[in-house]
Amino acid sequence: MSAHEHQLAGDHADLFEPPGWDERYSGQEKVWSGNPNPQLVAEAAGLRPGTALDVGCGEGGDVIWLARHGWTVTGADFSANGLARAARHAEQAGVADRVDWWQVDARTFAADGRSYDLVTTHYLHPPEGGMVQVAGRLAEAVAAGGHLLIVGHAPSEAFTQLSASQHRAMFLAEQLLPALPDGFDAIVVEQRPRTVIRGGVTVDIQDSILLARRTS
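Draft legend 1. The arrangement of the pattern of salt bridges in detail. As enumerated under the stated definition, the model contains six salt bridges in all. The shortest N-O distance in the salt bridge between Arg192 and Glu43 comes to 2.8 Å. Of this pair, Arg192 sits in strand β6 (residues 184-198) while Glu43 is found in helix α2 (residues 38-44), placing the two residues 149 residues apart along the sequence. For Arg192, the salt bridge goes to Glu190, with nearest N and O atoms at 2.8 Å. For Glu190, a relative accessible area of 31% translates into the label partly exposed. The network of salt bridges with shared partners includes Glu43, Glu190 and Arg192.

Draft legend 2. Molecular detail of the side chain of Asp105. Among the structural elements, Asp105 can be located in the loop between β3 (99-103) and β4 (116-122). You can call Asp105 buried: its relative accessible area is 19%. At 2.8 Å, the side chain of Asp105 and the side chain of Arg107 are in polar contact.

Draft legend 3. View of helix α5 (residues 131-139). What α5 keeps buried is the set Met131, Val134, Ala135, Gly136, Leu138 and Ala139. Looking at the buried positions of α5, the neighbouring elements they touch are β1 (51-55), β4, β5 (142-153), β6 and β7 (201-214).

Draft legend 4. Fine view of the environment of Gly113. Among the secondary structure elements, Gly113 is positioned in the loop between β3 and β4. Residue classification places Gly113 among the exposed positions, given a relative accessible area of 77%. Put simply, Gly113 and Ala141 are 28 residues apart on the chain and 7.6 Å apart in space, counted from C-alpha to C-alpha.

Quick notes on the rules
Residues numbered from 1 in each chain as written. Predicted model: local features only at pLDDT ≥ 70, side-chain atom pairs only at ≥ 80, totals over all residues. Heavy atoms only, no water. Salt bridge = Lys/Arg side-chain N within 4 Å of Asp/Glu carboxyl O. Helix = DSSP H or I, 4+ residues; strand = E, 2+ residues; numbered from the N terminus. Buried < 20%, exposed > 50% of the residue type's maximum accessible area, 1.4 Å probe, protein only. Polar contact = N/O pair within 3.5 Å; in protein donor to acceptor, adjacent residues only side chain to side chain. Contact = heavy atoms within 4.5 Å.

Structure (structure tokens):
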């Protein structure tokens, strides 16, 4: 499983809310692998490093990867325990001086004058199709010339363990396009195949990827 495939890791409604994730992050063991999400590496490796915001950063795998590749990064999550873990992992990785942390719920996110060269979120799945609204909120934090990268799970029958509400939280990349404000050019809008192993079984899934650049 990737670094923080957030809302699709269980079948309880509280996984859409901070207390569920605070409980999940309260143990001693890592929840995620610590590796960066593969689509972040694929899309961000060619970008010029600057400032970045990773929303739904979980234990900090993507934040650490970005910091190691020259970015100054803000990791944001609605779980205080998750952010505490991410901060420890960044310290252990030797990149604490390149990162800071922000406790915020993506569903009520407001840029409030902040701007970043890259705003990204991976496998964040607000309930009931809420990712469209979240995408619009995140776009407001992209600086002129910067990029918005959103990656999530495309709807698939492969996720047999999920509840109906979790299936409704998945999205296609094109569904996010109406959220882009004027002045954005969509660069990548696609579902990209990926193979994962769950419970010892190989499963073919697809990632929905939206990469857009703010031109004005």
